Amino acid sequence: MKPYRHTTGTTESAPQRCELSFDRSDKKTLLINLSGSWTLKCKRPSADIVKKEMTASTTTGIAFNATGITDWDSALLIFLARVTELSLKQGINIDKTGLPHGAGKLLDLAAAVPEKEGARKKTREETFLFRVGTESIAFFRASGETLTFVGETFTAFTRFLVGKARFRRSDLTRILQDCGIEALPIVSLISLLVGLILAFVGAVQLTMFGAQIYVANLVGIAMVRVMGAVMAGIIMAGRTGAAFAAQLGTMQVNEEIDAFKTMGISPMEFLVLPRILGLTLMMPLLCLYADLMGILGGFIVGVGMLDLNMVEYYNQTKAAVTLSDLWIGLFQSAVFGILVALAGCLRGMQCGRSASAVGDAATSAVVTGIVAIIVATAIITVITNVMGI
């Protein structure tokens, strides 16, 4: 019987060819002749050709003749693996003795380790309602975890008030230093620039009416009442909140938090409580400092660009800013400190067990902290407006 030959790859004059032919000298055994260069550089024949040949007549076995192969790589293995898969589905035996040296062993090795169930990601088309349901379930689950974390934090704070919380006082001192003194340079720079920007934007409009003296009112009230606390909160969310999440996330990866629980030490008291206390205590002080630097920025614009008298600018600021504005700003800063610390510690405790999860936790802590600050600012502003303060 004349063998069927299928040739693919380069042209007839090309030096590399990938050839496949069938021989049915034995009617029940399909002999597959392989020749040429079976490498990734050549386009190999499709295994569907073998499938058609198997189904064309009764076949109980498959054998190979690879004496004509000049060189081969993983391209041959891919083809053989596909042929093996098709033969197993048809219940056909395979004789691998005619394969190149090592190819049969590699196929046996691949078959010896079965594919893990679920290793391949199954893609399916998700409907709109499916995605809405999935996101809703994730939202409610995250809300429950957040409420649980807040409750555990409140319990730890209650134990602190009665003197039963277990944490090292040296950790609290170190956190106070990190959240306070070491944060002054960045708070100084950002608050000074914010004051400069507010004064410059106000001066452009107020100068048109000859009322440039009211730049002092604009900068003073804006910084003391809102902007000082907001800018200090955002700075600490990006600086300290992310640091809290990264620290606790790294401890999760290293299983240090599990070790605390094993030893009977509450991670909420030993790790979370000092961080929340430290940032909450330092935020009002940072807010005062940010207010001062913002007013200084407005002072530079007023005196340097608008030719205002220094004493006049000072008196105008003193008359515009009231104690109510100051207390509102300090209250907001304390709230922001709690929110930023809670966001950082929450994301750190929720961190996964991989290195990439630590980065994700830090990013999520910053986003959560900033969003919480903006929402809290809106709520406090509405409340104070309703109260007429």
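Our structure's up above, just so we're on the same page.
Scope of this entry: the structure provided in the associated data block. Everything numeric in this text was worked out from a predicted model, so none of it was measured.

As for the overall build of the protein chain
Phase 1: Along the protein chain, the regular secondary structure elements total 12 helices and 5 strands.
Phase 2: Over its C-alpha atoms the protein chain spans a radius of gyration of 36 Å, topping by over 25% the 21 Å that the globule rule assigns to 389 residues.
Phase 3: Viewed in the frame of its principal axes, the protein chain has a C-alpha envelope of about 110 × 60 × 40 Å.
Phase 4: The buried share of the protein chain, taken over its 389 residues, is 41%.
Phase 5: Within the protein chain, contacts between residues separated by at least 24 positions form 78% of all contacts whose residues are at least 6 apart in sequence.
Phase 6: Surface accessibility of the protein chain: about 21,900 Å² in total, with carbon and sulfur atoms responsible for 64%.

As for the packing of aromatic side chains
Remark: the centre distance and the inter-plane angle together describe each pair of aromatic rings, the angle taken between the planes.
Phase 1: As enumerated under the stated definition, the model contains 6 aromatic pairs in all.
Phase 2: For the ring pair Phe 139 and Phe 140, a centre distance of 5.6 Å and an interplane angle of 70° mean the geometry is edge-to-face.
Phase 3: The exposed category is assigned to Phe 139, whose relative accessible area is 53%.
Phase 4: Measuring from centroid to centroid gives 5.6 Å for Phe 299 and Tyr 313, while their planes differ by 80°, and the two rings are edge-to-face. Of this pair, Phe 299 sits in helix α9 (residues 267-304) while Tyr 313 sits in helix α10 (residues 310-320); the two residues are 14 residues apart in sequence, bridging distant segments of the chain.
Phase 5: You can call Tyr 313 buried: its relative accessible area is 2%.
Phase 6: One aromatic cluster in this structure is built from Phe 157, Phe 160 and Phe 167.
Phase 7: In this structure, Arg 169 is placed above the aromatic ring of Phe 167, and the distance from its NZ or CZ to the ring centre is 4.4 Å.

Focus on the packing of helix α6 (residues 184-206) against α9
Phase 1: As a packed pair, α6 and α9 sit with axes 7 Å apart at the nearest point and diverge in direction by 40°. By the angle class used here, α6 and α9 are oblique. Judged by the sense of rotation from one axis to the other, the crossing of α6 with α9 is right-handed. Facing α6, whose interface residues are Leu 184, Val 187, Ser 188, Ser 191, Leu 192, Gly 195, Leu 196, Ala 199 and Phe 200, α9 presents Leu 286, Tyr 289, Ala 290, Met 293, Gly 294, Leu 296, Gly 297, Gly 298, Ile 300 and Val 301.
Phase 2: Taken together, the residues of the contact of α6 with α9 sort by class into 13 nonpolar, 6 polar and no charged.

Description of the nonpolar core
Phase 1: Counting residues in hydrophobic clusters, the biggest one holds 39 residues, and the most contacted among them are Phe 149, Val 272 and Leu 279.
Phase 2: Mapped by element, the contributors of at least two residues to this core are α4 (128-161), α5 (169-179), α7 (215-253), α8 (256-262), α9, α11 (323-349) and α12 (355-387).
Phase 3: Examining the composition of this core, we find that 11 residues originate from one element, α9, more than from any other.
Phase 4: When residues no more than four places from it in sequence are discounted, the contact partners of Phe 149 are Met 268, Val 272, Leu 342, Cys 345, Leu 346 and Met 349.
Phase 5: One finds Phe 79, Val 83, Leu 99 and Leu 107 within the second-largest nonpolar core, a separate group that totals 26 residues.

Observations regarding the pairing of strand β4 (residues 61-72)
Phase 1: Where strand β3 (residues 29-38) lies against β4, 9 bridges are found, and the strand directions are parallel. Bridge pairing in β4 links Leu 30 to Ile 62.
Phase 2: Running through helix α1 (residues 47-56), the crossover from β3 to the neighbouring parallel element β4 is right-handed.
Phase 3: The parallel pair β4 and strand β5 (residues 93-95), bridged by helix α2 (residues 74-90), forms a crossover whose chirality is right-handed.

Points about the packing of α7 against α11
For any two helices packed against each other, one specifies the inter-axial angle together with the distance between the axes.
Phase 1: Where α7 meets α11, the axes come as close as 7 Å, and the angle between the chain directions of the two elements is 15°. By the angle between their directions, the pair α7 and α11 is classed as roughly parallel. Crossing handedness for the pair α7 and α11: right-handed.

With respect to α2
Residue pairs spaced three or four apart in an α-helix point in one direction, given the helix's 3.6 residues per turn.
Phase 1: Between its terminal C-alpha atoms α2 stretches 24 Å, which fits the 24 Å expected from 17 residues at 1.5 Å a residue.
Phase 2: Taken together, the buried positions of α2 are occupied by Ala 75, Leu 76, Leu 77, Phe 79, Leu 80, Val 83, Thr 84, Leu 86 and Ser 87.
Phase 3: Of the residues that open α2, the one with a side-chain oxygen 3.0 Å from the backbone nitrogen of Ala 75 is Asp 73.
Phase 4: Backbone geometry just downstream of α2 places Gly 91 in the positive-phi region, at approximately 70°.

Some points on the side chain of Thr 377
Phase 1: Examined against the element boundaries, Thr 377 turns out to sit in helix α12.
Phase 2: Assessed through its relative accessible area of 11%, Thr 377 is described here as buried.
Phase 3: There is a polar contact of 2.7 Å between the side chain of Thr 377 and the backbone oxygen of Ile 373.
Phase 4: Apart from residues no more than four positions distant in its own chain, Thr 377 is found in contact with Val 226, Val 230, Gln 332 and Phe 336.

A short note on the pattern of salt bridges
Phase 1: Applying the stated rule across the entire model yields 7 salt bridges.
Phase 2: Here Asp 178 makes a salt bridge to Arg 239, at a shortest N to O gap of 3.7 Å. Here the residue Asp 178 occupies a position in helix α5, and Arg 239 occupies one in helix α7, the gap between them amounting to 61 residues.
Phase 3: For Asp 178, a relative accessible area of 23% puts it in the partly exposed group.
Phase 4: On the accessibility criterion, Arg 239 (26% relative accessible area) is partly exposed.
Phase 5: Notably, a salt bridge pairs Arg 353 with Asp 258, separated by 3.0 Å at the nearest N-O pair. Taken together, the residues span a long stretch of sequence, with Arg 353 in the loop between α11 and α12 and Asp 258 in helix α8 at a distance of 95 residues.

What counts and how
Residues numbered from 1 in each chain as written. Predicted model: local features only at pLDDT ≥ 70, side-chain atom pairs only at ≥ 80, totals over all residues. Heavy atoms only, no water. Helix = DSSP H or I, 4+ residues; strand = E, 2+ residues; numbered from the N terminus. Rg over C-alpha atoms; globule rule 2.2 N^0.38 Å. Buried < 20%, exposed > 50% of the residue type's maximum accessible area, 1.4 Å probe, protein only. Contact = heavy atoms within 4.5 Å. Areas by Shrake-Rupley, 256 points an atom, 1.4 Å probe, with all protein chains shown as cover. Phe/Tyr/Trp six-rings, centres within 6.5 Å; stacked < 30°, edge-to-face > 60°. Lys NZ or Arg CZ within 6 Å of the ring centre and 35° of its normal. Axes fitted to C-alpha atoms, helices over the stretch in contact; angles between N-to-C directions. Parallel < 35°, antiparallel > 145°, perpendicular 65-115°, else oblique. Left-handed = near helix turned anticlockwise from the far one by under 90°. Nonpolar A, V, L, I, M, F, W, Y, C, P; charged D, E, K, R; others polar. Core = buried A, V, L, I, M, F, W, Y, C linked by side-chain atoms within 4.5 Å. Pairing = 2+ DSSP bridges. Right-handed = clockwise from strand over helix to strand, strands pointing away. Expected span 1.5 Å × (residues − 1). Polar contact = N/O pair within 3.5 Å; in protein donor to acceptor, adjacent residues only side chain to side chain. Salt bridge = Lys/Arg side-chain N within 4 Å of Asp/Glu carboxyl O.

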